[in-house]
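Understanding the architecture of this molecule
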Amino acid sequence: MERDVIAAPLADRSPAEVMAALQTTATGLTAEEAVRRQERYGWNELVEKKASAWLKFLGFFWGPIPWMIEVAAILSAVIRHWETFGIIMAMLLLNAGVGFWQRQKADNAIELLKEKMALTARVQREGSWQQIPARELVPGDIVRVRLGDIVPADLKLLAGDYLLVDESALTGESLPVSKSVGALAYAGAIVRQGEMDAVVVATGMNSYFGQTSRLVATARTTSHLQQALLKMADYLILVGLSLVILILLAALFRHENIWETLEFALVLTVAAVPATLPAVLSVTMAIGAGVLAQKGAIVSKMLAIDELAGMDILCCDKTGTITQNKLTVKEVKSLAGYTADQVLTLAALASRAEDQDPLDLAVLHAAPPDQLTNFQVVAFKPFDPVSKRVEATVTDAGGRTISLSKGAPQAVLALLPAETDQAALIDQSVQELAAKGYRALGVAKREEAGDWQYVGLIALYDPPREDSGATIQAAQALGVTIKMVTGDHLAIAKETARQVHLGTNIRTPGDFLDKPDRQALALVEAADGYAQVFPEHKFHIVELLQMGRHIVGMTGDGVNDAPALKKADAGIAVAGATDAAKSAAAIVLTQPGLAVIIDAIRESRKIFQRMQSYAIYRIGGIMRILLFITLSILIFQFYPVTAIMIILQMLLNDLPTLAIAYDNAEPGEMPAKWDLREILSISSYLGFMGMALSFVLLFLAREKLSLPADQIQTLIFLKLAIAGYLDIFIGRTRSFFWTLRPGGLLVFSGVMTRLLASVLAFAGWFMSPISWQLILLVWGWSIMEMLLTDPLKVCMYRLLDHRCLLVHR
């Protein structure tokens, strides 16, 4: 028995042929054979590729930002500045530790796909039935599945009347599927009705469920935050290296001490590294994720917060997401003089609640309960997949016997006399209901020895959730385009889209699959939704939209959604989703409906604003230090600060900015984007203003106050610390800094660390002391700098917006 035999298509092969191919019998496998097959085919579970925890941790020491920190550490060791070396290494380990902790937290947040598999299975081995863990099943095992079971592996049905299975989590089809002898039942499907024996044909990763998980594993995306961080790091590396080269060339030309030059090359290298930028952004996202969890959205992949803030297209799975995944009676077409209530009553009498058939439950829920008490059911024949009907015999209050039938419209029509004139009317009615996306159910009646009468048609559909329409409109108001994705029929998709206020330009995969990427992208972008799609189609839709430079979100709840959830920039598993969907998604909703997504979008945009304001502040501070130190050395041949002052200034500026995660922020009205042109322009402006006013203060200290060099260094250290901190209030809003009240923790932590810097300067710790009068001068100078820089910043934003409009025109 070879693996490719089991993997071969089995849908068209008879049960006897499948049994022969699997070398099994009706009494099942022997224990020894089961062990051999388990060794060959592995456990009936999904395989997860796990990376070593050490490799994950070491990965945080690899990349442009860690490289720069590591070079700085090497330089400090070469010139034997061990205090500086220790501080730099502590910064490097802190950054890696925070990143690793967040990675582990994300990886462990949700159980993996294998938890979806059934826990136990009824299997026949060596002629006796026994209960075993489902993971021990092997191809060739004989199993029994019944009402309420989760199908434990891919099965070929061998014996029994029929199964009614719910495959909505696998295929997206909202209606249960009837299976008979010879059909395939897939792992993960739920048995809603019936009982059958079957042979296992595929397990674990070879099952349909497993193949879907393989597709999930192929989805890999790089977040826009990661891309932005790399570009910002590249920008700072380029500027930093350029300035270091200038200093080295000047030192060689002036024949200065090479070790002193290397020392300040070290200072500039350290200053150019946004060492705590990734850590601060990670903490900001982690705290934001806690806020989202309180609102019903659990974030399992932190970078998804950034993607959700920038999401401009949300692909919504229809079944169970936009709709309730619960059949409901939409309308009744009564015939032969019967009323709608009478049709529903007769249909309800041909239904049984205990069978948990979704069609029966929908009819029973809609039928008037007071009329059902007038009848007594004396015989009931369950749904027959061959005749496609249910039959029941009842007696009314007068003792008359009435036969009832409910089922497929054409199957019920076949009960009527051949000469009936209702055929054309029924066909037309069924077509009209189908055009609206409804499934028709025929109902017929026969009194004692009379002929069958067609009493009416019942239209069933999966209704939208009550909040879907409002949620979709709210998302559209936030600049997010909603596109519905479903495995259901085109007519059903169009009707659902109409009811939730989406457009009705619904496409099927056949419209774009064979088209060149550019044409396919145009069709997919213009569509309001997509119908009759399979997992690989959903994956392709997301892929095409991403090719169009869209940030794509995808909501879903089933196994069939998992590949697209993983591929999407922001994969969102809705409440009640399968474990497969939860594992693939970056965000898992714990509350029903889509309304929580709106809260998540708004909150993520607040988090984005906090991260962007910190990036502007941090890059601006780095630019100020780089330019000021470099030009001071080149022009005045003066070192304005010492190496330890640079390290202290960086720590004093970065530690309180962790509080930015709690800062007040306003969500943007449109999707947030990492506009590096704007971020680097504003940052460079802040850096230039800080540098220019630092030079003015340096001039006053040297020429007007005649301070010694060591006190000037302390004065400049304090100015860089205080003015640099105030820049965070300038960078956190596009308008004037007082228009958005800052968070209390941000103000408190910043003021306390600035006071600490003042104490260091006054006491002379790690530097020469200065008087309290000079300290007050620095405070006043820094506040004046803030009041001057902020209005010009507003003008800068307006200038950038004007140029942006000209470019778009």
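Please read these numbers as outputs of a predicted model, since none were measured by experiment.

1. Side note on the overall build of the protein chain
- When helices and strands are tallied, the protein chain shows 30 helices and 21 strands.
- Pairs at least 24 apart in sequence give 73% of the contacts found in the protein chain among residues at least 6 apart.
- Accessible area of the protein chain: about 34100 Å², with a carbon and sulfur share of 59%.

2. Some remarks on the packing of helix H25 (residues 595-636) against helix H27 (residues 676-704)
- For the pair H25 and H27, interaxial distance at closest approach is 7 Å and the crossing angle is 40°. As far as their axial angle goes, H27 and H25 are oblique. You can see that H25 and H27 cross each other, and the crossing is right-handed.

3. So, the pattern of salt bridges
- Enumeration over the complete set of coordinates arrives at 22 salt bridges.
- For Arg498, the salt bridge goes to Glu495, with nearest N and O atoms at 2.5 Å. Residue Arg498 and its partner Glu495 are located together in helix H20 (residues 490-499), separated by three residues, close to a single helical turn.
- Taking relative accessible area as the criterion, Arg498 reaches 48% and is therefore assigned partly exposed.
- The class of Glu495 is buried, set by a relative accessible area of 10%.

4. Concerning helix H14 (residues 340-349)
- In terms of burial, H14 is a largely internal element, seven of the ten residues being buried.
- Every buried residue of H14 is accounted for by Val343, Leu344, Thr345, Leu346, Ala347, Ala348 and Leu349.

5. Here we look at the packing of aromatic side chains
- A complete count under the given rule lists twelve aromatic pairs for this structure.
- Pairing Phe636 with Phe695 gives two aromatic rings, centres 6.0 Å apart and planes at 45°, and the pair type is tilted. Of the two residues, Phe636 is situated in helix H25 and Phe695 in helix H27; the sequence distance between them amounts to 59 residues.
- Each member of the aromatic cluster is reached from another via a ring pair, and the members are Trp54, Phe57 and Phe61.
- Of note, Arg144 hangs over the ring of Trp129, and the distance from its end group to the ring centre comes to 4.3 Å.
- The residue whose ring lies beneath Arg702 is Phe638, and the NZ or CZ to ring-centre distance is 5.5 Å.

6. A short note on the pairing of strand E20 (residues 570-573)
- The two faces of E20 match: Ala570 and Ile572 on one face and Gly571 and Ala573 on the other face are all buried.
- In this sheet, E20 lies alongside strand E19 (residues 552-556) in parallel orientation, the contact comprising four bridges. Bridged to Gly556 within E20 is Ala573.
- As judged from the two bridges shared by E20 and strand E21 (residues 587-589), these two strands associate in the parallel manner. Residue pairing across strands places Ala573 opposite Val588, the latter belonging to E21.

7. Regarding the sheet that holds strand E14 (residues 439-447)
- If you trace the six strands from one edge of the open sheet to the other, you get E10-E15-E14-E13-E12-E11, paired in antiparallel fashion. Two strands close off the open sheet at either side, each with one partner strand: strand E10 (328-334) and strand E11 (376-384). With strand direction ignored, the average angle separating the axes of adjacent strands in the sheet is 20°.
- Of the pairings in the sheet, the one linking E14 to strand E15 (residues 453-461) comprises seven bridges and is antiparallel in character. Residue pairing in the sheet places Val443 in a bridge with Gly456 of E15.

8. Describing a nonpolar patch on the surface
- A cluster of nonpolar side chains, Tyr662, Leu745, Val747, Phe748, Val751, Met752 and Leu755, forms an exposed patch at the surface whose accessible area comes to about 630 Å².
- One can find Val747 in helix H29 (residues 744-763).

9. Comments concerning the nonpolar core
- The biggest cluster of nonpolar side chains holds 120 residues, and the ones touching the most others in it are Met232, Ile587 and Trp674.
- For this core, the element with the most residues is H25, which contributes 20 residues.
- In this structure, Ile313, Cys315, Leu565 and Ala581 belong to the second largest nonpolar core, which totals 26 residues.

10. A few points about the side chain of Thr789
- Tracing the backbone shows Thr789 in helix H30 (residues 772-808).
- Accessibility expressed as a relative area gives 2% for Thr789, which makes it buried.
- Setting aside its immediate chain neighbours within four residues, Thr789 contacts Tyr685, Leu686, Met689 and Ile730.

11. Looking at the sheet that holds strand E18 (residues 529-530)
- The strand order across the open sheet built from eight strands is E8-E21-E20-E19-E9-E16-E18-E17, with neighbouring strands paired in mixed fashion. Across the chains shown, the open sheet's two edge strands, defined by having one partner strand only, are strand E8 (297-299) and strand E17 (506-507).

12. Remarks on the packing of H27 against helix H28 (residues 709-731)
- Two numbers describe how H27 lies on H28: the axes approach to 11 Å, and their chain directions differ by 150°. Compared by their axis directions, H27 and H28 come out roughly antiparallel. The two elements H27 and H28 meet at a crossing, and its hand is right-handed. Only Ile712, Leu715, Ile716, Lys719, Leu720, Asp727 and Ile730 of H28 make contact with H27, whose side of the interface consists of Leu686, Gly690, Leu693, Ser694, Leu697, Leu698, Ala701 and Arg702.
- Of the residues that constitute the contact of H27 with H28, the class distribution is ten nonpolar, two polar and three charged.

13. Notes on unusual backbone geometry
- Phi at Gln23 is positive, roughly 55°, even though this residue is not glycine.
- Despite not being glycine, Ser706 shows a phi value in the positive range, around 50°.
- Its location among the elements puts Ser706 in the loop between H27 and H28.

14. Here's the deal with the confidence of the model for the protein chain
- With 87% of its residues at a pLDDT of 70 or more, the protein chain has an overall mean of 83.
- Residue range residues 109-118 is modelled with pLDDT below 50. Its contacts to residues more than four positions away, or to other chains, number 31 contacts.
- For the stretch residues 805-809, pLDDT sits under 50, and the model shows zero contacts to residues farther than four places along the chain or on other chains.

Definitions and limits used
- As a convention, each chain's residues are numbered from 1 in the sequence order in which they are written.
- For this predicted model, a pLDDT threshold of at least 70 governs which residues receive local features, and a threshold of 80 or more governs which side-chain atom pairs are given and counted, while totals over whole chains, interfaces and linings are taken from all residues.
- Derived side-chain values reflect all non-hydrogen atoms in the structure, with water molecules and hydrogen atoms excluded from consideration.
- What counts as a helix is a DSSP run of H or I of at least four residues, what counts as a strand is a run of E of at least two, and both are numbered from the N terminus.
- Residues are treated as being in contact if the distance between any of their heavy atoms lies within 4.5 Å.
- Surface accessibility follows the Shrake-Rupley procedure with a 1.4 Å probe radius. Residue values consider only the protein chains on display as shielding.
- Every angle, taken between N-to-C directions, lies between 0 and 180 degrees, and every axis is a line fitted to C-alpha atoms, over only the stretch in contact when it is a helix.
- Reported orientations rely on four angle classes, namely roughly parallel under 35 degrees, roughly antiparallel over 145, roughly perpendicular from 65 to 115, and oblique for the rest.
- Should the near helix be turned anticlockwise from the far one by less than a right angle, the crossing is left-handed, and should it be turned clockwise, the crossing is right-handed.
- Definition used for salt bridges: Asp or Glu carboxyl oxygen within 4 Å of a side-chain nitrogen of Lys or Arg.
- Burial status follows relative accessibility: with a 1.4 Å probe on protein chains alone, a residue under 20% of its type maximum counts as buried, one over 50% as exposed, and anything between as partly exposed.
- In this analysis, rings of Phe, Tyr and Trp, with Trp reduced to its six-membered ring, are considered paired at centre separations within 6.5 Å, and the interplanar angle assigns stacked below 30 degrees, edge-to-face beyond 60, and tilted for intermediate values.
- Two limits define a charge over a ring: the Lys NZ or Arg CZ must be within 6 Å of the ring centre, and within 35 degrees of the ring normal.
- When DSSP finds two or more bridges between two strands, those strands count as paired.
- Patch members must show over 30% relative accessible area and no salt bridge, and they are joined within 9 Å when carrying like charges or within 5 Å when they are nonpolar side chains of Val, Leu, Ile, Met, Phe, Trp or Tyr.
- The set of buried Ala, Val, Leu, Ile, Met, Phe, Trp, Tyr and Cys residues whose side-chain atoms join them within 4.5 Å is what this entry labels a nonpolar core.
- Any residue that is not Ala, Val, Leu, Ile, Met, Phe, Trp, Tyr, Cys, Pro, Asp, Glu, Lys or Arg is counted as polar, Gly included; the first ten are nonpolar and the last four charged.
- Each residue carries a pLDDT value, the predictor's own confidence for that position, ranging from 0 to 100.

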